[in-house]
Every structure is written in structure tokens, then in C-alpha cells.
Amino acid sequence: MRYLPLVLFTILPGMLGIGIFGYYALVDWNALQQAYNTFASVVQSKSNLETLFVAEARQNIHRINLFADGVWTLLSAIIASIGLHGICTIRGKIKRIGS
């Protein structure tokens, strides 16, 4: 019964966050690779400056999105690890009390 709040409020949301934000980080990684390839081809083609700026801005949008998704993934992992640490700590206290 002592484990239920930790599982419901830290571990499950943390694992859910890792799954959701990790998935979108991978989606943004793929989009960043495509945007970077487009940017590299624009640079190689010696296009005008406006086209170069637009390609760079699109690439930077995906970089920022990937950064944000990565940060949320790591924060979700921290929340889940806090819950796991709490369960290990409670389990240690119960064994010491019962001894």
C-alpha cells in the first residue's frame, strides 16, 4: 500500500513521459536530418541568400524542437528514478523495522 502513491504519481508518469517525449525526439531527429540535408544542398547549389536563410531557419526550428524533446525525456527519466528510489528506500526501512 505504501508503494501505490509512488507508482501512480512518479513512476508511471515518468515512464509515460519517457515513451512519449522519446518518440517525438526520434521524429524530430529524422526531420532535422532531412532539413540539414536540404540546407546542405542549398549551400552547395550557391542559391541566393534568401533561400539560404529560409533553409537555415527550418533547420534551426527542428534543432530547437529536438532539444526540447530531449530535455523533457530526461526530466521524465528523473521523475521515474525518484519514484524508484523512493520504493527502494521504503523497502529498506521496512526490512530494518521488521528485524
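Residues numbered from 1 in each chain as written. Predicted model: local features only at pLDDT ≥ 70, side-chain atom pairs only at ≥ 80, totals over all residues. Heavy atoms only, no water.

A word on the overall build of the chain. Within the chain, the regular secondary structure consists of two helices and zero strands. For the chain, the C-alpha radius of gyration of 22 Å lies well beyond 13 Å, the compact-globule estimate for 99 residues. In terms of overall dimensions, the chain has a C-alpha envelope of 75 × 20 × 15 Å along the principal axes. Buried positions account for 23% of the 99 residues belonging to the chain. Put simply, of all contacts in the chain between residues at least 6 apart along the chain, 81% involve residues at least 24 apart. Summing over all exposed atoms, the chain offers an accessible surface of approximately 7,400 Å²; the carbon and sulfur share of this is 70%. For the chain, the distance from the average position of its 8 positive side-chain charges to the average position of its 4 negative side-chain charges is 28 Å. (Helix = DSSP H or I, 4+ residues; strand = E, 2+ residues; numbered from the N terminus. Rg over C-alpha atoms; globule rule 2.2 N^0.38 Å. Buried < 20%, exposed > 50% of the residue type's maximum accessible area, 1.4 Å probe, protein only. Contact = heavy atoms within 4.5 Å. Areas by Shrake-Rupley, 256 points an atom, 1.4 Å probe, with all protein chains shown as cover. Lys, Arg positive; Asp, Glu negative; His and termini not counted. Charge placed at Lys NZ, Arg CZ, Asp CG, Glu CD.)

So, about a nonpolar patch on the surface. Together, Phe67, Val71, Trp72, Leu75, Ile78 and Ile82 make up an exposed nonpolar region whose accessible area comes to about 610 Å². Its location among the elements puts Val71 in helix α2 (residues 49–98). (Patch = residues over 30% accessible without salt bridge, like charges linked within 9 Å, V, L, I, M, F, W, Y side chains within 5 Å. Salt bridge = Lys/Arg side-chain N within 4 Å of Asp/Glu carboxyl O.)

Here we take up the side chain of Thr73. As for its position among the elements, Thr73 is in helix α2. The class for Thr73 is buried, based on a relative accessible area of 16%. Here Gly22 takes part through its backbone nitrogen, which lies 3.3 Å from a polar atom of the side chain of Thr73. Each residue touching Thr73, except ones within four places of it in the same chain, is listed here: Ile18, Phe21 and Gly22. (Polar contact = N/O pair within 3.5 Å; in protein donor to acceptor, adjacent residues only side chain to side chain.)

Structurally, Asp69 can be placed in helix α2. Buried and without a salt bridge, Asp69 has Arg63 as its closest oppositely charged side chain, separated by 14 Å. In contact with Asp69, other than residues within four places in its own chain, are Phe21, Tyr24, Ala25 and Asp28.

The next thing to look at is the environment of Gln59. When you line up the elements, Gln59 lands in helix α2. Residue Gln59 is classed as buried on the basis of its relative accessible area of 6%. A sequence separation of 26 residues divides Gln59 from Gln33, and the C-alpha atoms of the two residues are 8.5 Å apart.

Let's shift gears to unusual backbone geometry. A positive phi is found at Lys46, a non-glycine position, where the angle reads about 55°. Position of Lys46 relative to the elements: it lies in the loop between α1 (3–44) and α2. A residue is classified by how much of its surface remains accessible, and Lys46, at 73% relative accessible area, is exposed.

Turning to α1, a few remarks are in order. Its 42 residues give α1 an end-to-end C-alpha distance of 58 Å, which sits within 8% of 62 Å, the value for a rise of 1.5 Å per residue. Of all the bends found along α1, the most pronounced is centred on Ile11 and spans about 30°, while Pro13, a proline, follows it within four residues. Phi turns positive, to about 55°, at Lys46, one or two residues after α1. (Expected span 1.5 Å × (residues − 1). Bend = angle between axes of the 7 residues up to and from the residue.)

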